[in-house]
Amino acid sequence: AGAVLPGPRLSGYGGGSAGEWVLTDSAFHVGADACSALVAVAAAHPRAFAGVEVCAYGDLMQPMGEDADTSYLGRTDHVASVSSGAERKGASEEKRAAEAENTVTKLRRARELLAETMRGRPLLALPLVPSRFVHVGTMPELLQHCVRDDDVLAA
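Residues numbered from 1 in each chain as written. Predicted model: local features only at pLDDT ≥ 70, side-chain atom pairs only at ≥ 80, totals over all residues. Heavy atoms only, no water.

1. A few points about the nonpolar core
Judged by nonpolar contacts, Ala34, Leu38, Leu60, Met61, Met64, Leu114 and Met118 together constitute the single largest core of seven residues. Secondary structure elements with two or more residues in this core: α2 (32-44), α3 (56-61) and α5 (93-118). If we ignore the near neighbours within four places in the chain, the residues touching Leu38 are Val30, Leu60, Leu114, Thr117 and Met118. (Core = buried A, V, L, I, M, F, W, Y, C linked by side-chain atoms within 4.5 Å. Buried < 20%, exposed > 50% of the residue type's maximum accessible area, 1.4 Å probe, protein only. Helix = DSSP H or I, 4+ residues; strand = E, 2+ residues; numbered from the N terminus. Contact = heavy atoms within 4.5 Å.)

Put into structure tokens, the structure is as follows:
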């Protein structure tokens, strides 16, 4: 909800080309065969995806195609649920560390299952011309680029 905004004349924003632009977070289509495969892997591994954060672009689309790079599977330093899940108040340091490790293990397994399921499937792109793509990244990355105050970044 709220991913598409009205054109500049309706929303009070200036600029644009004759009021013809909109902002959207993204859009993609997954074919019926891929959907069936994803449903099957979720049914075969019902707890594999519970409580983990996967990314539509990184975890679903990156393993697609003939020459997919899956070196990202073990990388978790940028995933919000891994870092925030380990910061529970009131838990001992050992318990927080164990919970974080469990989350990382679950995330890696979920990514592996998705990569196996999507590997080799065709990835087709339809450019929407004219268009602009601006990727701001994760919230911590956005803040890092936009905020100069170290105290704000540390909060």
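2. Focus: the packing of α2 against α5
Their axes nearest at 10 Å, the elements α2 and α5 cross at an angle of 145°. Judged by the twist between their axes, the crossing of α2 over α5 is right-handed. Within the contact between the two elements, α2 uses Ala34, Ala37, Leu38 and Val41 and α5 uses Leu113, Leu114, Thr117 and Met118. Residue classes in the contact of α2 with α5 are distributed as seven nonpolar, one polar and no charged. (Axes fitted to C-alpha atoms, helices over the stretch in contact; angles between N-to-C directions. Left-handed = near helix turned anticlockwise from the far one by under 90°. Nonpolar A, V, L, I, M, F, W, Y, C, P; charged D, E, K, R; others polar.)

3. A look at the side chain of Thr117
Relative to the elements of secondary structure, Thr117 occurs in helix α5. Non-local contacts of Thr117, meaning those with residues more than four positions away in its chain, are made with Ala37, Leu38 and Val41.

4. Things to note about the pattern of salt bridges
Scanning the entire structure with this criterion turns up two salt bridges. Note that Asp59 and Arg111 form a salt bridge whose closest N and O atoms lie 2.9 Å from each other. In this pair, Asp59 sits in helix α3 while Arg111 sits in helix α5, placing the two residues 52 residues apart along the sequence. Close ionic contact of Arg109 with Glu112 constitutes a salt bridge, the shortest N to O distance being 3.8 Å. Taken together, the residues span about one helical turn, with Arg109 and Glu112 both in helix α5 at a distance of three residues. For Arg109, a relative accessible area of 35% gives the class partly exposed. (Salt bridge = Lys/Arg side-chain N within 4 Å of Asp/Glu carboxyl O.)

Everything listed here is a matter of coordinates, which is why it stays silent on function.
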